[in-house]
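Here are the chains, one letter per residue:
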Amino acid sequence: MSSFDQRIDRNGTACFKYDGRGHVFQNPDVLPLWVADMDFATPSFIIERIVARCQHPILGYTYRDAEYHEAIRWWYAQRHGWNIDTAWIDFCPGVVSGLNHAIRALTQPGDAIIIQPPVYHPFFDTVKNNGRVLLQNPLKSNGEGHYTMDLQHLDELAQQGAKMLIISSPHNPVGRVWTRAELLALGEICQRHNLLVVSDEIHSDLVFVGHKHIPLASISDDFAQRTITFGSASKTFNIAGLSSGFAIIPNKELRLRYQRELEASGAGMGNLFGIEAVKAAFSPQGEAWLGELLTYINGNIDFVEQFVAERLPQVHFRRPEGTYLLWLNFGALGITDKQLNELLQQSAEVGFNAGSGFGVEGHCFERINVACPRATVREALERVAAALEVR
Ligand SMILES: Cc1ncc(COP(=O)(O)O)c(C=O)c1O
């Protein structure tokens, strides 16, 4: 038995995934495989680092020191082959907050910003809430669960004078890890039309064998100069509650504008425990732990693949190349989204993310989070199979 098999009771910790069920689902008892954090213990070397810091009795204002910056630099060189200058690193309390700051710092109200649905739902909100115009470049599906970017349509939208493109790389929820060729083609369009790119790379460490995450900004100097990359240790090491992400902005002018915006909203201080956690996470120890994590999650995906093939013939599923989020197509059931969600929440008693939350392209899809013990995945799928049988 692996330590990842341990089912940890998260009830009563004010966690969204469990204690938030009553607000999100029509049934507060659903087995939750929704919000993107993990049901695995945060690695002990991170907890120990935080506990060690607590041995000092004062938790006052703290800055991000050289060790913090060096940890991020090392991780990107080691894991992603991108040699960054530590001066390029800036802070964001969370990546969603960073997206908002970048939009405000680098575009004007009324400017058009492109996103590529189905995509992480806050992308829609960050554009709209800041009074920018949302342009959508939907991903293309080959009908068998494989998605690609519609580069021709992107080119057309860029020609209409869009200022910024926000990408999810790897892509939540469809699990694509964009290839170098795809990113190159995308970057060339941005170069041609002078488009800024916000590359949300929060899932960059969660990539399976046979695929490789390539930071968009690492491809060429021009791409680096027009790209704001967001990253975080939060998904990889299950520390989302520490509110501690970062931006990597090689272009000095863009970086200064981003910093000014961060300061203007007073969001630049950060969280002492987040700083300590990043130092512990982005380390050789963190790398070894991540290897074990990816093996376990890959095993969960094998399990889902086999289960769906044997017991859920109405569901279509394609393995993700990255992320612990699976994108299941329930279209063959021929029911509405409302009926599907009722079936899942009331009959099966499982809590998934409704696909329609990621854009209209998510109609009849559900996103499930398999960063949890295999027994939880099994129980959820058994519940779905039983509900479909009696339907
Ligand atoms: C693509 C993507 N970006 C950002 C976030 C959230 O990041 P944060 O908690 O740092 O705001 C998530 C969480 O699921 C995500 O999937």
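Because the structure is a prediction, the values reported are computed rather than measured. (Residues numbered from 1 in each chain as written. Predicted model: local features only at pLDDT ≥ 70, side-chain atom pairs only at ≥ 80, totals over all residues.)

Here we look at the overall build of the protein
Here is step 1: Scanning the protein from N- to C-terminus turns up 15 helices and 15 strands.
Here is step 2: Expected size for 391 residues packed as a compact globule is a radius of gyration near 21 Å; at 21 Å, the protein falls within 12% of this value.
Here is step 3: Of the contacts formed within the protein by residues at least 6 apart in sequence, a portion of 73% connects residues at least 24 apart. (Helix = DSSP H or I, 4+ residues; strand = E, 2+ residues; numbered from the N terminus. Rg over C-alpha atoms; globule rule 2.2 N^0.38 Å. Contact = placed C-beta atoms within 7 Å.)

Observations concerning the site of the ligand
Here is step 1: The environment of the ligand is formed by 13 residues, the closest being Ala36, Gly94, Val95, Val96 and Tyr120.
Here is step 2: Class assignment of the residues belonging to the shell around the ligand gives a composition of 6 nonpolar, 6 polar and 1 charged. (Near = placed C-beta within 6 Å. Nonpolar A, V, L, I, M, F, W, Y, C, P; charged D, E, K, R; others polar.)

Digging into helix α6 (residues 122-129)
Here is step 1: Turning to α6, its buried residues are Phe123, Thr126 and Val127. All buried residues of α6 lie within an arc of 95 degrees about the axis, which places them on one face of the element. Exposed residues pointing more than 90 degrees away from the buried face of α6 are listed as Lys128 and Asn129.
Here is step 2: The elements touched by buried residues of α6 are α5 (95-106), β3 (112-115), β4 (133-136) and β7 (164-168).
Here is step 3: Downstream of α6 by a residue or two, Gly131 has a phi angle that is positive, lying close to 70 degrees. (Buried ≥ 20, exposed ≤ 12 C-beta atoms within 10 Å, placed from the backbone. Arc of directions from axis to C-beta.)

Observations concerning the domain arrangement of the protein
Here is step 1: Each assigned domain of the protein is listed here: domain 1 (3-43 + 286-390) and domain 2 (58-282).
Here is step 2: In this assembly, 29 residues from domain 1 lie in contact with 32 residues from domain 2.
Here is step 3: At 5 residues, helix α13 (residues 284-311) tops the list of elements feeding residues into the side of domain 1 that touches domain 2.
Here is step 4: Considered class by class, the residues forming the side of domain 1 that touches domain 2 number 12 nonpolar, 11 polar and 6 charged. (Domains from an automatic or database assignment.)

Re the sheet that holds strand β10 (residues 245-248)
Here is step 1: Strand order in this open sheet of 7 strands is β2-β10-β9-β8-β7-β3-β4, and the pairing throughout is mixed. Edge positions in the sheet fall to β2 (89-92) and β4, since each of these pairs with one other strand and no more. Neighbouring strand axes in the sheet, compared pairwise and without regard to direction, differ in orientation by 25 degrees on average.
Here is step 2: The pairing of β3 with β7 spans 2 bridges and is classified as parallel. Bridging from a neighbouring strand, Ile114 pairs with Leu165 of β7.
Here is step 3: Across the sheet, α6 is in contact with β3, β4 and β7; its angle to β3 comes to roughly 180 degrees. (Pairing = 2+ DSSP bridges. Axes fitted to C-alpha atoms, helices over the stretch in contact; angles between N-to-C directions.)

Regarding unusual backbone geometry
Here is step 1: Put simply, Pro117 and Pro118 share a cis peptide bond, and its omega is 0 degrees.
Here is step 2: Of note, Pro118 is situated in the loop between β3 and α6.
Here is step 3: In this structure, the amide linkage connecting Asn172 to the following residue, Pro173, adopts the cis form with an omega of 15 degrees.
Here is step 4: Positionally, Pro173 belongs in the loop between β7 and α8 (180-192).
Here is step 5: With a phi angle near 55 degrees, Asn194 is a residue other than glycine that sits in the positive phi range.
Here is step 6: Of note, Asn194 is situated in the loop between α8 and β8 (196-200).
Here is step 7: Taking the C-beta count within 10 Å as the criterion, Asn194 has 11 such neighbours and is therefore assigned exposed.

With respect to the pairing of strand β9 (residues 227-232)
Here is step 1: With 6 of its 6 residues buried, β9 lies for the most part within the structure.
Here is step 2: Along β9, one buried face is formed by Thr227, Thr229 and Gly231 and the opposite face, lined by Ile228, Phe230 and Ser232, is buried too.
Here is step 3: Here β8 runs beside β9; their pairing, made up of 4 bridges, is parallel. Its bridge partner lying in β9, Val198 is registered against Ile228.
Here is step 4: As defined by bridge partners, β9 adjoins β10 across 4 bridges and the pair is classed as antiparallel. Each residue of the ladder has a partner; that of Phe230, found in β10, is Ala247.

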